[in-house]
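Coordinates in review
These are the residues of each chain, in order.
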Amino acid sequence: MIVANVHKFKVFLIECLHKGIMLILVFVIASVVIFTAVNLIPGDPVSLRLKNPDPTRVAAIRTELGLNKPLPHQYFYYVISFVQGNWGKSLITGQKVREEISTYFPATIELALIALFLGVILGLGVTLSTQCFKSTLWRNTAFSLGALGLTVPIFWLGFMFIVIGSLWLGWFPSGGRFDFTLPVPQGSGFLIFDSLAAGRLDLLCVTYQYLALPVFCLSLYPAALVCNVLKTRFADPRLDTLIRALRAKGLSESRIWLIHILRLLSAPVITVIGTNFGTLLCGAVLTESVFSWPGMGRYLIEAVLNRDLFVIENGLLLIIILAFLIISTADLLAFRLNPTMKSLSD
Amino acid sequence: MNTVLYLNAYLRCMSGFIIIFLQIFILGGCSQIDESVSPPNTFVFGRGSDAQKLDPADIDDGESVNTLAQICEGLVRFKSGTLDIQPWLARSYTISKDGLTYTFELREGVRFHDGTPLNAETALFTFKRQLDNSHPAHFSKASFQYWKNLFQEIKTVRAIGPMSLEFKLSEPNASILYSLATFPAWLISPMAFESHGEAIVRRPIGTGPYRFLDWKPNQAIILEKNQDYWGSEAGFERLIMRTIPDNTLRLLELKAGKIHALDGLQPAELTELDDNRKFTIHTQPGMNIGYLAFSSYAKRLRSPAIRHAIAMAIDRKAIVDLALDGFAKVAEYPIPPGFLGEPINSRPPIIHDPEAARKILNKYPKLLEQPIELHTFTAPRPYFPDPLIIASLIRSDLENVNLKVEIISRDFKSHLITARQGNFELALLGWSGDNGDPDNFLATFFASWAAVAGSATNISFYKNKDMDNLLITGRQQTDLKQRQKTYRQALMIWARDLPLIPLIHTKQIVVTRSEVTGFQLQKTANLFFGPISWQSL
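Everything quoted here is computed from the prediction, not taken from an experiment.

Conventions used here
Residues numbered from 1 in each chain as written. Chains lettered and ligands numbered in written order. Predicted model: local features only at pLDDT ≥ 70, side-chain atom pairs only at ≥ 80, totals over all residues. Heavy atoms only, no water. Helix = DSSP H or I, 4+ residues; strand = E, 2+ residues; numbered from the N terminus. Rg over C-alpha atoms; globule rule 2.2 N^0.38 Å. Buried < 20%, exposed > 50% of the residue type's maximum accessible area, 1.4 Å probe, protein only. Contact = heavy atoms within 4.5 Å. Areas by Shrake-Rupley, 256 points an atom, 1.4 Å probe, with all protein chains shown as cover. Lys, Arg positive; Asp, Glu negative; His and termini not counted. Charge placed at Lys NZ, Arg CZ, Asp CG, Glu CD. Phe/Tyr/Trp six-rings, centres within 6.5 Å; stacked < 30°, edge-to-face > 60°. Buried area = accessible area lost by both parts, 1.4 Å probe. Salt bridge = Lys/Arg side-chain N within 4 Å of Asp/Glu carboxyl O. Polar contact = N/O pair within 3.5 Å; in protein donor to acceptor, adjacent residues only side chain to side chain. Nonpolar A, V, L, I, M, F, W, Y, C, P; charged D, E, K, R; others polar. Domains from an automatic or database assignment. Expected span 1.5 Å × (residues − 1). Pairing = 2+ DSSP bridges. Axes fitted to C-alpha atoms, helices over the stretch in contact; angles between N-to-C directions.

So, about the overall build of chain B. Counting its regular elements, chain B contains 15 helices and 20 strands. Relative to the 2.2 N^0.38 estimate, which gives 24 Å for 537 residues, the radius of gyration of chain B is 27 Å and therefore close to what a compact globule would have. With the C-alpha coordinates of chain B rotated into their principal frame, the extents come out at 90 × 75 × 45 Å. By the burial criterion, 58% of the 537 residues in chain B qualify as buried. Residue pairs at least 24 apart in sequence account for 69% of intrachain contacts in chain B once pairs closer than 6 positions are excluded.

Bringing the overall build of chain A into the picture now. Across its full length, chain A carries 15 helices and zero strands. Burial statistics for chain A: of 346 residues in total, 49% are counted as buried. For chain A, contacts bridging at least 24 residues in sequence account for 71% of all contacts bridging at least 6. Just so you have it, chain A exposes about 16,500 Å², and 72% of that area is on carbon and sulfur atoms. Across chain A, the 27 positively charged side chains and the 19 negatively charged ones have centroids separated by 9 Å.

Mapping Pro-214 of chain A onto the fold places it in helix α9 (residues 201-235). With 50 residues separating them in the primary sequence, Pro-214 of chain A and Ile-164 of chain A have C-alpha atoms 13 Å apart.

A separate point is the packing of aromatic side chains. Residue and element names in this part refer to chain B. In this structure the tally under the stated criterion is 37 aromatic pairs over all chains. Seen from their ring centres, Phe-339 and Phe-441 are 5.5 Å apart, and the 90 degrees between their planes marks the pair as edge-to-face. One end of the pair, Phe-339, is in the loop between β14 (328-330) and α10 (354-361); the other, Phe-441, is in helix α13 (residues 439-446), and 102 residues separate them in sequence. Each member of the pair, Phe-339 as well as Phe-441, is classed as buried. Here a set of aromatic residues connected by ring pairs shows up, and it is made of Tyr-291, Phe-339, Phe-441, Phe-445, Phe-446 and Tyr-462.

Further remarks concern the interface of chain B and chain A. The interface of chain B with chain A comprises 72 residues on the first partner and 70 residues on the second. Carbon and sulfur atoms supply 60% of the area that chain B and chain A bury against each other, a total of about 6,700 Å² over both sides. Where chain B meets chain A, there are three salt bridges. The closest approach of N and O atoms between Glu-198 of chain B and Lys-89 of chain A, which form a salt bridge, is 3.3 Å. Inspection of the chain B/chain A interface yields 19 residue pairs in polar contact (both at pLDDT 80 or more). No other element matches helix α1 (residues 2-30) of chain B, which puts 18 residues into the side of chain B that touches chain A. Partitioned by chemical class, the residues of the side of chain B that touches chain A number 32 nonpolar, 22 polar and 18 charged.

Residue and element names in this part refer to chain B. Every buried residue of helix α9 (residues 316-324) is accounted for by Arg-316, Ala-318, Ile-319, Val-320, Ala-323 and Leu-324. Turning to α9, the residues buried within the fold contact β14, α11 (387-400) and β18 (500-513). Two to three positions downstream of the cap, the backbone nitrogen of Lys-317 sits 3.3 Å from a side-chain oxygen, assigning the N-cap of α9 to Asp-315. Asp-325 occupies a position one or two residues after α9 and carries a positive phi of about 50 degrees.

Before going further, it helps to spend a moment on the domain arrangement of chain B. All names here are of chain B. Each domain of chain B was delimited in the assignment, giving domain 1 (56-190) and domain 2 (286-508). Distance between the C-alpha centres of domain 1 and domain 2: 32 Å. Taking both partners together, domain 1 and domain 2 bury about 1,000 Å²; carbon and sulfur atoms supply 53% of that area. It is Leu-83, Pro-172 and Ala-174 in domain 1 that bury the most area against domain 2; as a group they hold 35% of the surface buried on that side. The interface formed by domain 1 and domain 2 includes zero salt bridges. At the junction of domain 1 with domain 2, the criterion picks out four residue pairs in polar contact (both at pLDDT 80 or more). Secondary-structure elements contributing two or more residues to the side of domain 1 that touches domain 2 are α4 (145-150) and α5 (176-179). The greatest single-element share of the side of domain 1 that touches domain 2, amounting to three residues, is contributed by α4. Grouping the constituent residues of the side of domain 1 that touches domain 2 by class yields seven nonpolar, six polar and two charged.

This brings us to helix α3 (residues 120-131) of chain B. All names here are of chain B. A rise of 1.5 Å per residue sets the reference length of α3, with its 12 residues, at 16 Å; its end C-alpha atoms lie 16 Å apart and thus fit the reference within 8%. Counting buried residues along α3, nine of its 12 residues qualify, which places the element largely inside the surrounding structure. Those residues of α3 that fall on the buried side of the exposure criterion are Ala-120, Thr-122, Ala-123, Leu-124, Phe-125, Thr-126, Phe-127, Arg-129 and Gln-130. Packing partners of the buried residues in α3 comprise β5 (101-106), α4, β6 (154-161), β7 (164-169) and α6 (190-196). Sitting at the head of α3, Asn-119 places a side-chain oxygen 3.0 Å from the backbone nitrogen of Glu-121.

Turning next to the pattern of salt bridges. In total, this model carries 26 salt bridges over all chains according to the counting rule given. Here Glu-166 of chain B ties to Arg-158 of chain B by a salt bridge, and the two come within 3.0 Å at their closest N and O atoms. Judged by relative accessible area, which is 8%, Glu-166 of chain B ranks as buried. Taken together, the shared-partner salt bridges connect Arg-49 of chain A together with Lys-53 and Asp-58 of chain B into one network.

This next bit is on the pairing of β6 of chain B. Residue and element names in this part refer to chain B. The pairing of β6 with β7 spans six bridges and is antiparallel. Opposite Arg-158, over in β7, you have Glu-166 as the bridge partner. Once β6 ends, the chain turns through two residues before running back antiparallel as β7.

Take the sheet that holds β5 of chain B next. Whether parallel or antiparallel, the strands of a sheet pair through hydrogen bonds between backbone atoms. All names here are of chain B. Taken together, the four strands give an open sheet; going across it, the order is β4-β5-β7-β6, and neighbouring strands pair in antiparallel fashion. Either end of the sheet is taken by a strand with one partner, and the two such strands are β4 (90-95) and β6. Across the sheet, the mean angle from the axis of one strand to that of its neighbour is 20 degrees, orientation sign disregarded. Across the face of the sheet, α3 comes into contact with β5, β6 and β7 while running at roughly 170 degrees to β6.

Here we come to unusual backbone geometry. With glycine set apart, most residues show a phi of negative sign, and most peptide bonds adopt trans. Residues and elements named next belong to chain B. Phi angles above zero are rare outside glycine, and Phe-461 is one such case at about 55 degrees. By the element assignment, Phe-461 lies in the loop between α13 and α14 (465-476). For Phe-461, a relative accessible area of 4% gives the class buried.

The next thing to look at is the side chain of Ser-31 of chain A. Within the element layout of this structure, Ser-31 of chain A appears in helix α1 (residues 2-40). Apart from residues lying up to four places away in sequence, Ser-31 of chain A is in contact with Tyr-75, Tyr-78, Val-79 and Leu-317 of chain A.

This is the structure:
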C-alpha cells in the first residue's frame, strides 16, 4: 500500500516537473513571439498617440523609454522586468501597467469564475435531468441547447440577452459593471466581495444585477462542454452497476452521489474545462465587448488598436502564462483525482 | 426504478445550486431602477470612450478634454457658442503695441479645488512646466505637443505683481490669445503636484464648477459640485461621465433614463429620436474638416490638372446627403466656414462637373489603366462618422469618369502610419481645430515644416516656398485686415496646386433629455456642463 502511494507521488512529482519545464518553454516562446510581433508592427507607438507630433520631442521620449536601444537588449530588458514585476507605464494613459491590470483583472476574473461555476452547474443539471426523465424529446432539447452554447457566436447571443433581459423585461442593465450613481464599494476590486465586506446588501444586489446577463451569456459555453463530456460518461453501462454496487454496500444516496460519483465525474469535467480555458477567456473578451464590461479583454484589444507597447507586451504575456498555469493545474488536479488517466490516455 | 433513483439524486445535488441560481435572478430583478426621472441630483453623460489622461498639457483626445472642461479653466475663454475671447480667470488683459508682451490681471478670490488661492505665482506653474524643460513637472514622457505647436513664440512667463502675469513673445503671434483659451493652457494647482507628484495626470485639480472625485477606468469618471466655485453654482451635486462603447447600448441607456445626455451617435441613429419630445438634439457645424489628400510622392497624380479633374469628379453634396444624412456641410476651403481669410461671395474653387473631369482625364490614357489606391480607415472619427461609405462614394464618382480605384481600408492607427509617411496615392483624413485660427488648419496641412516623414500632419508632403512665407507672415501679423489678405493668398496657392480636396465639415451632435437646460454647443467642440441644470417639464 505504502509502496503504491510512494509510486503515485513520484509519478505526480514527475508530472509537476514536466509542467514546470513546459512553463519555462512557453514563457520563452511566448515572450519572443510577442516581442517580435510588437516590433514588426510598422510605425512608432510614441508619435502615433499624438495628433500633432513634434519629431524632436518624440525622439526624446523614445530615448527615455529605451526604444532606441538594440533589439536584443530591449528583449532582455523586457523579459527581466516582466519577471521582476516592473511592467512599465502605458503610453496612452501614463499609468503603471501593473496598476491598470489590477483594476481590470478582478472584473474579468469575477465574470469568468462565476460564469464557469454557473456553467458547470447548468451542464451538470441538464445532463442529470436527462438521466431522470428518460424522455427522448427532453433529451434532444437539452442537448441541442448544449450545442447552442458551442455554436452560436457570443456577440449575437449577448445581444439577444440584452434585447430580452434589458429592453423587453427591463430587469437588467444593458451593460457596465456598476451603477455609479451609488457609492462604489472599495477594496479588492471584486465587487461581490467588496459589497459583502462593506455589509451593503443593496450594493450586492446591484452587483448581481449587472453580472447576471454577461455571466449567463458566458456560462453557456462551459455548460455545453460539461454536457458533452458527461453525456458519454452516463452512456457507460458500468455507471449503473457501480451505483447499484455502492447502494448494496449500504451507503446513503447523498454519499454515493456527492462523494463517489461526483468525484468520478469531476476528473473529466475539470480536464475539459481546463483545456478549454483559453476558449473561455476568448469568450470573456467577446462578452466584455458586448456588455461594456471593464475587463482585461477590452483593455488588451484597445491596447493593440492604440499600439500601447508595454500594455501589449506585459498584459499578453501575463494572460498566456496564466492560461497555461490554469490548464496545467486542471491537468494535475484531474491527474490527482484519477491517476490512471494518463496511462489510459497513453 | 432507476428513474426514481436518478431523480432523487438529481434533486439532492441540484437543490443547493438551484437556490443560488434563483437567488441571482430574484436579487437581479428586485431592485429595478424607476424609469420616470425625478429631478436627479446626479447628471450622467454617456460617451463612446473613456478619457486617456487628465493632464491638460498632455492630451489631445476629445474625451479627456471634455472631462477637464468641467474641472479646469483658463485665463481667458471662448465666449460660449462663439470664437470671441472673454477674460475668465484673468479679470482683464493688455497687449503691448509691438504685440510682444501680454499682461493678464488675475481675478481675486478664486481658489483651486485643494484650497490653493489663485495668484500670479500659482498660475505660473501651468505655463512654466510646459515651457521649461528642467521644471520638475515637465514629465519626461509627456509630449507637450501643443506647447510646441500653439505656444512656440512664448519666450518667458513671469509674475510681475501678486496678481499679474506677463507673457513675453519672441515674435508677434496673432493667435496666441486664442491659444491661451484652449485646453493646454487651462490652469492646474501647483500644490496638487507637490502632494501627488506625477499622479496629477490621474487626479486633476483646477478651479472649475466641478471637482474630481473618482475614476473607474473604462467605466466612469465621477465629479462632484465645487461648493467654493467663484462663478455661478453648478446645477448638480454630482456629474458622471460614463463610458458605453456601443452606440446602440448608449442610446438604450438614454431611453431608459439611466443617462441624461450622450454624444458620438451616427446621424442615421438619430432618426429613432426624431419625434420624441423627451429628448433634445443639439447640433451645430463643428470646427473640423474631412479631406482627401494627394501624396506628392505619387508620381501619377502630380499634375494639378489631374488633381482638379479628380476634385471635379467627386460629388461632395452626395457625400453629405448619403453618408451623413445631411449632418454636414460641403467644405469649399481647407478651413472651416467663417474663419479669417475665407473668400466671401467668390466662385467656389471646386465645382462638381464630371463631364469636364472626363474630358481632362481622357488626355491621360495611362492614368486610366492602373487602379488608383484610395486609403481609408474603419473606425469612425469626429470628421468622418463612416469613412468606408465615404470612400466607396468617392470610388463610384471616380469610376464614373473612367478612373479605376482600389480602396485600401485599415484600422485607424495603421492608416495613420501610411498617411504620415505619405505612402499612398489618395488618402482620407481629417482635422479638428484647436483654437479657431486659420493658421491651425493651413500650417497643419501645407507648411513644409509639418512634412516630416513619420510625424507629418501635412500628409500631402506639399512643399512650396511661397506658401511657407505666407504662413509665417500670417502668424506675425496683428492687423486683421492684413492677416485676412495673407490667408486669402495662401488659399489661392492651395486652389492652384490642390494638394488636398476638402470634402466636408461635419456637425457636432449631442442629445440631452429635454429637462436639461443651459446646455450650449461650442465651436471648439468642448462640452461645458457647468452651466446646465434640470428643469422638470
